[in-house]
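Each chain, written out:
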Amino acid sequence: MLSMQNSHTFILPPSSDLENNPSHGYLPHSQPSDLHSSLAEPPAFPDYSMDDSLSHRASVSTDDTSNDSPASWDADGPSDSSPPGDGGVKFPTTMIGPSAIFQFNVLASPEPDVVPKVEELDDDDELQRLKPLGVETSNSGPHATTTDSSVVPVNVPRKRGRPRKHPLPVPGGQLKVTKGRSKTGCITCRRRKKKCDETKPACLNCQKNAVVCEGYPPKEIWKSGKQKMEDARTQPVVHRSLPILIDGIETEMDRKLLDHFVYGFSRVLTLINDDSNPFKEILLPMATQHRGLMHSLMCLSGSHLSGLNQEPGVKERKYYHFHRAIRDLKANITARSAMTEQEPELLSEDPIIASTIALSLNTICEGETNGEYRPHMDAARYLLVTQKPRNENFRQFIVEFFQYHDVSNSITSLDRRPAHLDGELRLPDFVPHAQAGSFLGVFDGLFRYISQVTRLRDRIRQRFSEGYEPAVDYQILSDAVLIDSSIRTWETSHPPNTPNYYLAQLYRQSTWVYLYRTIRPSRPSDKIAQVVDDGLEYMDLLPQDAGAFSIVLMPLFLLGCSAFVPRQRERIQKGFEALKAYSNLRNIEPAFKVVQRVWEVMDTRMEDSWDWERIIKEMNMDFLIT
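Residues numbered from 1 in each chain as written. Predicted model: local features only at pLDDT ≥ 70, side-chain atom pairs only at ≥ 80, totals over all residues. Heavy atoms only, no water.

**A word on the overall build of the protein**
Scanning the protein from N- to C-terminus turns up 21 helices and 0 strands. In the form shown here, the protein has an accessible surface area of approximately 37,500 Å², with 53% of it arising from carbon and sulfur atoms. (Helix = DSSP H or I, 4+ residues; strand = E, 2+ residues; numbered from the N terminus. Areas by Shrake-Rupley, 256 points an atom, 1.4 Å probe, with all protein chains shown as cover.)

Structure representation (structure tokens):
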């Protein structure tokens, strides 16, 4: 097949041939005089593109033989009906009829050589070297001839690499352009899924449909991840603090005071170290409903913590809670004093009683020695005598607590005597087992004997001051023998070989020492030395972390005031140091100072060492020995 792109020109035969061969369909006609000269050079004809739908080449014929006949198909050369020297020019039968007559007006080309335009198939050099199968192009000249009548499609290899993201449009076709949904419409139209005309400030579509146009969302400027991280660093972080759950706990320091009260301070006040500790089980839930009691407990915790932590914020909050607790007590007292005779008696709430007890304990934590505990203890006594606590569990605890401190206070003072245990301050109707008590010696009756010994001391001191001889008469001696018999028969309910059992034996030894030092002259003896040694042995059996250490100060003080032997004094001093390391209560130090003063009197004026209450008064000290 002849490729028209490779056939640049063709040469017409001489005019004589045309005249002599009319059978080819070329009729002679007059030519200009310069025809032969103009034909010296080959004329230029326009390029013809072959239709790809043709599967054979068409022959130009003027005879009766159809080009469709088999005789007209010759793959090796021109057909017999083709004029000689036509260069193998063939025309499609669709354009030329079987007997068509052509007339050519040949014009000379103004240029000697005209090279037709050749389109580049692609940038790939490999595609430029591709040629149709079965087609040979002569390399000797500009004329190309075909050697095969059949046409084989060109197999162009597919390009390598990724396919086009947007394919090229199909020639003659029209691609449908998909229009994405607009994201710049108003909020109302986007929610209603309606088309918005985006008129601002309010779109016409909303106005037409009688709906409120909510405007347009703010434009968001795209930012990279790095820019977003930088913006997050530069923006200030706003922290929203949550309110504190419990009333009366107002600051973070108050939270520390509350934690110290629950996990640290409450264990040094009673024998009980677990969750059944009454300060946690009874007083703390009561304080959540009464702000005044909460202030008293937080003041108590702050006083104890200030001895361990010198942080200024601890003392600041301690004084704050103290003043708030005092203000609450004054308001309650004012309400009671404003009553008239016609009005019913206003009973104080149980938290008010508990608050007075907590404030008296605050003097122990602070180590105050000027009688600061007195108004609080007097108020607690008055409230307990005049009215009965409403909560039975609280009543049982508060009566035991008050009697323990009230009886112990009488050992170190001259004018404060314990309330009668069977009279004004009666024990609860239900007396629990001794092991259920928070303190030792109250419910089991041992403090009754201590109170009786204190009254014997008052009688002996009175007879001595009045000059009666002997100071210990028969009646006093008879009462002392009864007390001695009671102490000998007293037994604790705590199981043997336990810390509380050793503590009970220590209390029993110290009670007998208190009785002996009351009715006997102040001088060394084997009896008193033996009992003091036995008491120190029981104290040495106590574990260093035992809850029994919380109430060891009073018996340790009595043994110290009876230590005539120097070796006993060394052990007494170690006992005070161990007690201070455990509880960190600051009334331990002034108590040991009193014991040291008694030892000095023993070494100089032995008879005067009997009356350590007077020695404490001479030292201008007044504090709780609990």
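So much for the structure itself; the text now carries on.
**Comments concerning the packing of helix H12 (residues 374-386) against helix H13 (residues 392-409)**
One way to put it is that H12 packs onto H13 with a least axis distance of 11 Å and a crossing angle of 135°. In terms of orientation, H12 and H13 fall into the oblique class. Between H12 and H13 the crossing geometry is left-handed. The residues of H13 that touch H12, namely those facing Met377, Ala380, Arg381 and Leu384, are Ile398, Phe402, His405 and Asp406. Split by residue class, the contact of H12 with H13 holds 5 nonpolar, 1 polar and 2 charged. (Axes fitted to C-alpha atoms, helices over the stretch in contact; angles between N-to-C directions. Parallel < 35°, antiparallel > 145°, perpendicular 65-115°, else oblique. Left-handed = near helix turned anticlockwise from the far one by under 90°. Contact = heavy atoms within 4.5 Å. Nonpolar A, V, L, I, M, F, W, Y, C, P; charged D, E, K, R; others polar.)

**Let's talk about unusual backbone geometry**
With glycine set apart, most residues show a phi of negative sign, and most peptide bonds adopt trans. Looking along the chain, the bond that leaves Lys200 and enters Pro201 is cis, with omega of 10°. Mapped onto the fold, Pro201 is located in the loop between helix H4 (187-192) and helix H5 (204-208). Of note, the amide linkage connecting Glu469 to Pro470 takes the cis form, showing an omega dihedral of -10°. Even without a glycine there, the phi angle at Lys193 is positive, about 60°. Within the element layout of this structure, Lys193 appears in the loop between H4 and H5. Taking relative accessible area as the criterion, Lys193 reaches 73% and is therefore assigned exposed. (Buried < 20%, exposed > 50% of the residue type's maximum accessible area, 1.4 Å probe, protein only.)

**Here's the deal with helix H20 (residues 588-604)**
Quick reminder: α-helices carry 3.6 residues per turn. Residues three or four places apart thus point the same way. Across its 17 residues, H20 extends 25 Å between first and last C-alpha, which sits within 8% of the 24 Å expected from 1.5 Å per residue. Along H20, the residues classified as buried are Ile588, Pro590, Ala591, Phe592, Val594, Val595, Val598, Trp599, Val601 and Met602. Against helix H16 (499-519), helix H18 (553-560), helix H19 (566-583) and helix H21 (612-618) lie the buried residues of H20. (Expected span 1.5 Å × (residues − 1).)

**Considerations on the packing of aromatic side chains**
Summed over all chains, the structure comprises 12 aromatic pairs. Three or more aromatic residues joined by ring pairs make a cluster, and in this case those are Phe279, Phe397 and Phe401. Directly above the ring of Tyr216 sits Lys200, whose terminal nitrogen or CZ lies 5.2 Å from the centroid. (Phe/Tyr/Trp six-rings, centres within 6.5 Å; stacked < 30°, edge-to-face > 60°. Lys NZ or Arg CZ within 6 Å of the ring centre and 35° of its normal.)

**Focus on the packing of helix H14 (residues 446-466) against H16**
Viewed as axis vectors pointing N to C, H14 and H16 meet at an angle of 15°, and their least axial separation amounts to 9 Å. Between H14 and H16, the interaxial angle falls into the category roughly parallel. Handedness of the crossing formed by H14 with H16: left-handed. Residue-level contacts link Leu446, Phe447, Tyr449, Ile450, Val453, Thr454, Leu456, Arg457 and Ile460 of H14 to Tyr507, Arg508, Thr511, Tyr514, Leu515, Arg517, Thr518 and Ile519 of H16. Of the residues that constitute the contact of H14 with H16, the class distribution is 11 nonpolar, 3 polar and 3 charged.

**Digging into the pattern of salt bridges**
One pass over the structure, following the stated rule, counts 29 salt bridges. The partner of Glu214 in a salt bridge is Arg191, with the nearest N and O atoms 2.4 Å apart. Here Arg191 lies in helix H4 and Glu214 lies in the loop between H5 and helix H6 (225-234), a separation of 23 residues in the sequence. Under the relative-accessibility criterion, Glu214 is labelled partly exposed at 42%. Between Asp406 and Arg381 there is a salt bridge; the shortest N-O distance is 2.8 Å. With Asp406 in helix H13 and Arg381 in helix H12, this residue pair connects regions lying 25 residues apart in the sequence. Asp406 sits in the buried class, given a relative accessible area of 4%. One salt-bridge network, in which partners are shared between bridges, spans Arg417, Arg457, Asp458, Arg461, Asp611, Glu613 and Arg614. (Salt bridge = Lys/Arg side-chain N within 4 Å of Asp/Glu carboxyl O.)

**A few points about the side chain of Asn409**
Residue position: Asn409 is located in helix H13. Excluding its chain neighbours within four sequence positions, the residues that come into contact with Asn409 are Tyr373, Arg416, Phe623 and Leu624.

**Brief notes about the nonpolar core**
Residues Leu297, Leu503, Tyr507, Val552, Phe557 and Phe576 are the most contacted members of the largest nonpolar core, which totals 115 residues. It is H16 that contributes the most residues to this core, 10 residues altogether. Dropping the residues within four chain positions of it, Leu503 is found in contact with Leu271, Leu440, Leu542, Ala548, Ile551 and Val552. Counting 7 residues, the second-largest nonpolar core is a separate cluster that includes Cys186, Cys196, Cys206 and Tyr216. (Core = buried A, V, L, I, M, F, W, Y, C linked by side-chain atoms within 4.5 Å.)

**Comments concerning the confidence of the model for the protein**
Here the protein averages 75 in pLDDT, and 66% of its residues register 70 or above. Every residue in residues 14-102 is under pLDDT 50, and counting partners more than four places away or in other chains gives 94 contacts. Residue range residues 119-125 is modelled with pLDDT below 50. Its contacts to residues more than four positions away, or to other chains, number 6 contacts. (pLDDT = per-residue confidence, 0-100.)

**A word on the state of the cysteines**
Summed over the entire model, instances satisfying the criterion amount to 0 disulfides. Residue Cys189 stays outside any disulfide, its sulfur separated by 3.3 Å from that of Cys186, the closest cysteine. The buried category is assigned to Cys189, whose relative accessible area is 0%. (Disulfide = S-S within 2.5 Å.)

**Looking at H13**
The end-to-end C-alpha separation of H13 is 26 Å, in line with the 26 Å expected for 18 residues at 1.5 Å each. Its side-chain oxygen 3.0 Å from the backbone nitrogen of Asn393, Asn391 forms the N-cap of H13. (Polar contact = N/O pair within 3.5 Å; in protein donor to acceptor, adjacent residues only side chain to side chain.)

**Observations regarding the environment of Ala419**
By the secondary structure assignment, Ala419 is in the loop between H13 and H14. Remark: the alpha-carbon pair of Ala419 and Gln403, spanning 16 residues in sequence, is separated by 7.9 Å.

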